[in-house]
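Listed below, chain by chain, are the residues.
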Amino acid sequence: MKSILLKTSIPGPRSSELARRRDSAVARGVYQSTPIFVRQTEGAVIVDVDGNRFIDLAGGIGCLNAGHRPEAVVDAIRRQAESYLHTCFMVTPYEPYVRLAEKLNELAPGPGLKKTVFFNSGAEAVENGVKIARAYTRRPAILCFEDAFHGRTMMALSLTSKTHPYKAGFGPFASEVYRAPLASCYCKNGTDFANVLEDIFARSVAAESIAAVIVEPVLGEGGFFAPPPEFFTTLQSLCRRNGILLIADEIQTGFARTGHMFASEHFGFEPDLLLTAKTLGGGLPLAAVTGKAEIMDHTPPGSLGGTFGGNPLACAAALATIEIIEREGLCDRARFLGERFRKRASNWAKRYCFITDVRGLGAMQAFEFTRDGDRDELASALTRFCLTNGVILLTAGTYSNVVRLLMPLVITDAEFEEAMEVVERGLAALETERAPDLVTSGRPSL
Ligand SMILES: Cc1ncc(COP(=O)(O)O)c(C=O)c1O
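Residues numbered from 1 in each chain as written. Predicted model: local features only at pLDDT ≥ 70, side-chain atom pairs only at ≥ 80, totals over all residues. Heavy atoms only, no water.

(A) Spotlight on the site of the ligand. Neighbouring the ligand are the residues S121, G122, A123, F149, H150, G151, E216, E221, D249, I251, Q252 and K278. Note that an oxygen atom of the ligand is positioned 2.8 Å from one of the backbone N or O atoms of A123. Here D249 contributes a side-chain N or O atom positioned 2.7 Å from a nitrogen atom of the ligand. Expressed as a share of its isolated accessible area of 390 Å², the protein-covered part of the ligand is 83%. By residue class, the composition of the shell around the ligand is three nonpolar, five polar and four charged. (Near = heavy atom within 4 Å. Polar contact = N/O pair within 3.5 Å; in protein donor to acceptor, adjacent residues only side chain to side chain. Areas by Shrake-Rupley, 256 points an atom, 1.4 Å probe, with all protein chains shown as cover. Nonpolar A, V, L, I, M, F, W, Y, C, P; charged D, E, K, R; others polar.)

(B) A look at the domain arrangement of the chain. Taken domain by domain, the chain holds domain 1 (15-66 + 329-440) and domain 2 (72-327). The C-alpha-based centres of domain 1 and domain 2 are spaced at 26 Å. Listed as interface residues are 31 residues of domain 1 and, on the opposing side, 32 residues of domain 2. Counting every contact that joins domain 1 to domain 2 gives one salt bridge. (Domains from an automatic or database assignment. Contact = heavy atoms within 4.5 Å. Salt bridge = Lys/Arg side-chain N within 4 Å of Asp/Glu carboxyl O.)

(C) A look at a nonpolar patch on the surface. Residues M154, F170 and F173 make up a contiguous nonpolar surface patch of about 280 Å² in total accessible area. Structurally, F170 can be placed in the loop between helix 7 (163-167) and strand 6 (177-180). A residue is classified by how much of its surface remains accessible, and F170, at 48% relative accessible area, is partly exposed. (Patch = residues over 30% accessible without salt bridge, like charges linked within 9 Å, V, L, I, M, F, W, Y side chains within 5 Å. Helix = DSSP H or I, 4+ residues; strand = E, 2+ residues; numbered from the N terminus. Buried < 20%, exposed > 50% of the residue type's maximum accessible area, 1.4 Å probe, protein only.)

(D) Summary view of the layout of surface pockets. Approximately 480 Å³ is the volume found for the second largest pocket. As for the second largest pocket, its lining consists of 21 residues, and the residues nearest its centre are Y97, T116, V117, D297 and L304. At the level of elements, helix 4 (95-107) and strand 4 (114-119) are the ones that each hand at least two residues to the lining of the second largest pocket. The residue makeup of the lining of the second largest pocket, split by class, is 11 nonpolar, eight polar and two charged. (1 Å grid on protein atoms, 1.4 Å probe; cavity = no way out; pocket = protein on both sides within 12 Å on 5 of 7 lines; lining within 4 Å. Points joined across faces, edges and corners; volume = space filled by probe spheres on them.)

(E) Fine view of the sheet that holds strand 13 (residues 391-392). Read from one edge to the other, the open sheet built from four strands follows the order 1-2-3-13, with strand pairing classed as mixed. Of all strands in the sheet, those with a lone pairing partner are strand 1 (38-42) and strand 13, marking the two edges. For strand 1 and strand 2 (residues 45-48), the ladder comprises four bridges, and the chain directions are antiparallel. Note that in strand 2 the partner of T41 across the bridge is I46. Helix 15 (residues 413-431) contacts strand 2, strand 3 (53-56) and strand 13 of the sheet and is inclined by roughly 95° relative to strand 3. (Pairing = 2+ DSSP bridges. Axes fitted to C-alpha atoms, helices over the stretch in contact; angles between N-to-C directions.)

(F) Local environment of the packing of aromatic side chains. Scanning the model with the defined rule gives 19 aromatic pairs in all. Look at F193 and F231: their rings are 4.4 Å apart centre to centre, the planes differ by 40°, and that puts the pair in the tilted class. Of this pair, F193 sits in helix 9 (residues 190-203) while F231 sits in helix 10 (residues 229-241), placing them 38 residues apart in sequence. Relative accessible area serves as the criterion here: at 2%, F231 is assigned to the buried category. Their ring planes at 40° and their centres at 4.9 Å tell us that F232 and F267 sit as a pair that is tilted. Note that F232 is positioned in helix 10 and F267 in the loop between strand 8 (245-249) and strand 9 (273-276), a separation of 35 residues in sequence. When its relative accessible area of 13% is taken as the criterion, F267 is described as buried. Here a set of aromatic residues connected by ring pairs shows up, and it is made of F145, F193, F231, F232, F267 and F269. Over the ring of F173 we find K167, and its NZ or CZ is 4.8 Å from the ring centre. (Phe/Tyr/Trp six-rings, centres within 6.5 Å; stacked < 30°, edge-to-face > 60°. Lys NZ or Arg CZ within 6 Å of the ring centre and 35° of its normal.)

(G) Local environment of the pairing of strand 7 (residues 210-215). In terms of burial, strand 7 is a largely internal element, six of the six residues being buried. Direction of pairing for strand 5 (residues 141-145) relative to strand 7: parallel, over a ladder of three bridges. Within the sheet, the bridge partner assigned to A141 lies in strand 7 and is I210. Where strand 7 lies against strand 8, four bridges are found, and the strand directions are parallel. Bridge pairing in strand 8 links V213 to L246.

(H) A look at the nonpolar core. Within the largest apolar cluster, 130 residues are counted, with the highest numbers of intra-cluster contacts made by L57, L235, W348, F367, F369 and L427. The dominant element in this core, judged by the number of residues it contributes, is helix 12 (residues 312-327), at 10 residues. If you count residues domain by domain, this core takes at least three from each of domain 1 (15-66 + 329-440) and domain 2 (72-327). Excluding its chain neighbours within four sequence positions, the residues that come into contact with L427 are W348, Y352, F354, I355, F367, F369 and L382. (Core = buried A, V, L, I, M, F, W, Y, C linked by side-chain atoms within 4.5 Å.)

This is the structure in structure tokens:
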């Protein structure tokens, strides 16, 4: 790997100046969880315009499982750019789109023939997954879960759970959206969950009106809850019995993050439609709906697509990214990193009474802070401490009291240990007299 050491003399505006310009030029609704402006990235490291180095445990919100700017991805983009950029697949198609569709059809969990269509963002994949499910089943309703995050476009936002800052003020939302409890169901067994679903069918929406259930196999923004194994067995059998399609939103969990190519594989979950984005594009915007051919082919030509969906550069980057994930064994790496984290974090939970849970799957790991009284701010206080000490971390959860890891899986052992030591120093600081300062200063959590 090339060295990220920079010529710090590169001229250009500093973070403070860029922050001022950002505040006057960019809409306030676009949140910024760190005040840094990027100059260069590589692997799991970001260097900002002021020359500061950060270990990146956020990965552009889980988009960089194969790392920042992997050489093979940059080369693939460069080669593609030398041939053609945009022609629109709906006008003059091209091979990388077809090859990537073939690859995703092969990788998607579950037996049978699959087909794929590409879009630009996770939210668009969600919108189209819902369209396809409704067209196929000729049913209106979609069942989603509490604490889910499916994106910011109107249907996706209707399916998203968290009110502030995502939903408040943006209604009215799409109709025929029903919501089941999820995190609480996880704590129970499969039989309890079956009762919860039967109750929803009786009280809120008839089973025969439901086109699909959309579910994140491990909750992302909602706080990294991983279900017990029987959850998906129950969900799958109830849906199959009632002709309800299953949509797995693997936008955050996909592409080796949890230790399998897709998190569904942990649970023997075979979704009818699989939604992917984030890491799929290796740093370029790309999303996909992959599903059973019979379902995918139900809508007529012209009913799916978009001007830029499956852009040639993004498809080339995606093919190179998947190749890296397979060649470099990033599923194994995710499991290794997850175990390494769990060992440390279980000690933190023993030592600090304000850590109430450590959870996750593979490298999709998080720890939760207690929410009582002035301790509500501890998660954001910790992320601020880490940022000041060169580590970028994100919070999660409906109450923003969870700290989550979404680092590039190519992070070196030394970088990971360095980052964990910073987190440990942050936790120690939270416990001491410095905690009140940490808790009250700085920006709000994400
Ligand atoms: C599970 C899940 N679904 C959908 C989305 C929306 O993706 P995008 O921001 O690309 O629209 C996200 C984004 O964080 C996500 O985590």
